Amino acid sequence: ALIEMAGPWILLTSAEEQLPSGLTGLLVACVALVGAGAAYLLGDSSALRPVRLAGIGVGLGGVALLVAKDLGSDGSIPWLSVLYVLLVCVGYATAPFIAARKLAGVPSLGVVTLSLALVSVLYVPWAVGEAISGATRDLASAATRADCRENSGKAEDCASWRSGAPLPYCAR
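These figures come from a predicted structure and were not determined experimentally.

## Concerning the overall build of the protein
- Counting its secondary structure elements, the protein contains 7 helices and 0 strands.
- When the helices and strands of the protein are placed in sequence order, the string is α-α-α-α-α-α-α.
- Only carbon and sulfur atoms are counted for the fraction: they give 67% of the accessible area of the protein, which is about 11100 Å².

As structure tokens, this is what we get:
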């Protein structure tokens, strides 16, 4: 649950704030390559056969063609976010191997159910915190817009206001 769900979801959410979706998709497509490498390291000598590597290469190439417009669009790549996505790939690729080896005799429905329940419980504090901070932001934003209308008297002064943006004609 932690390797395939909780950790990757947090890392991917954080990375998506900095990376274009296309680049994130391309990096997540590396799961197949990491999975093939893990299978090879665990003894599956056919995992890195040329035909499989060619298939992975064609798949990655196809994804790259689809998302090429997002790659290096502004010249800066947030490398920490790239690292997060690569860690997600490792988690997604290796968790099934770990589960297959450690939980071989356990029914898969039970494993999935317990994993989802565990991750849900782990995320409750974060979800509550987000709900509280979101409600606080909404109240502050409504108060600021009302203040702008009251002090300015002009709807057009407040029309383009967005959360966090300065209000040019309004006293704060």
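## Looking at the nonpolar core
- Core analysis: the biggest nonpolar cluster contains 8 residues, these being Leu 12, Ala 15, Leu 19, Leu 23, Leu 27, Val 82, Val 85 and Val 88.
- The element contributing the most residues to this core is helix α5 (residues 79-102), with 3 residues.
- Judged by nonpolar contacts, the second largest core, of 5 residues, contains Ala 36, Ile 56, Leu 60 and Cys 89.

## Considering the environment of Leu 116
- Structurally, the position occupied by Leu 116 is in helix α6 (residues 108-152).
- For Leu 116, the residues in contact, after removing those within four places along its chain, are Met 5 and Trp 9.

## Topic: helix α1 (residues 2-16)
- Helix length check: α1, at 15 residues, gives a terminal C-alpha distance of 19 Å against a target of 21 Å (1.5 Å per residue), a fit within 8%.
- Taken together, the buried positions of α1 are Met 5, Ala 6, Pro 8, Leu 12 and Ala 15.

Parameters at a glance
- Position labels on residues start from 1 in each chain and follow its written sequence.
- The predicted nature of this model means local features are confined to residues of pLDDT at least 70 and side-chain atom pairs, given and counted, to a pLDDT of 80 or more, with totals for whole chains, interfaces and linings taken over all residues.
- To get the side-chain values, take all heavy atoms of the structure and skip hydrogens and water.
- Helix numbering and strand numbering both begin at the N terminus, where a helix is a DSSP run of H or I of at least 4 residues and a strand a DSSP run of E of at least 2.
- Per-residue accessibility takes into account occlusion by the displayed protein chains alone, with areas from the Shrake-Rupley method and a 1.4 Å probe.
- The nonpolar core is taken to be a set of buried Ala, Val, Leu, Ile, Met, Phe, Trp, Tyr and Cys residues, with the residues joined through side-chain atoms within 4.5 Å.
- Relative accessibility decides the category of a residue: with a 1.4 Å probe and only protein chains considered, values under 20% of the type maximum give buried, values over 50% give exposed, and everything between is partly exposed.
- Here a residue-residue contact requires only that any non-hydrogen atoms of the pair lie within 4.5 Å.
- One less than the number of residues in a helix, times 1.5 Å, gives the span that helix is expected to have.

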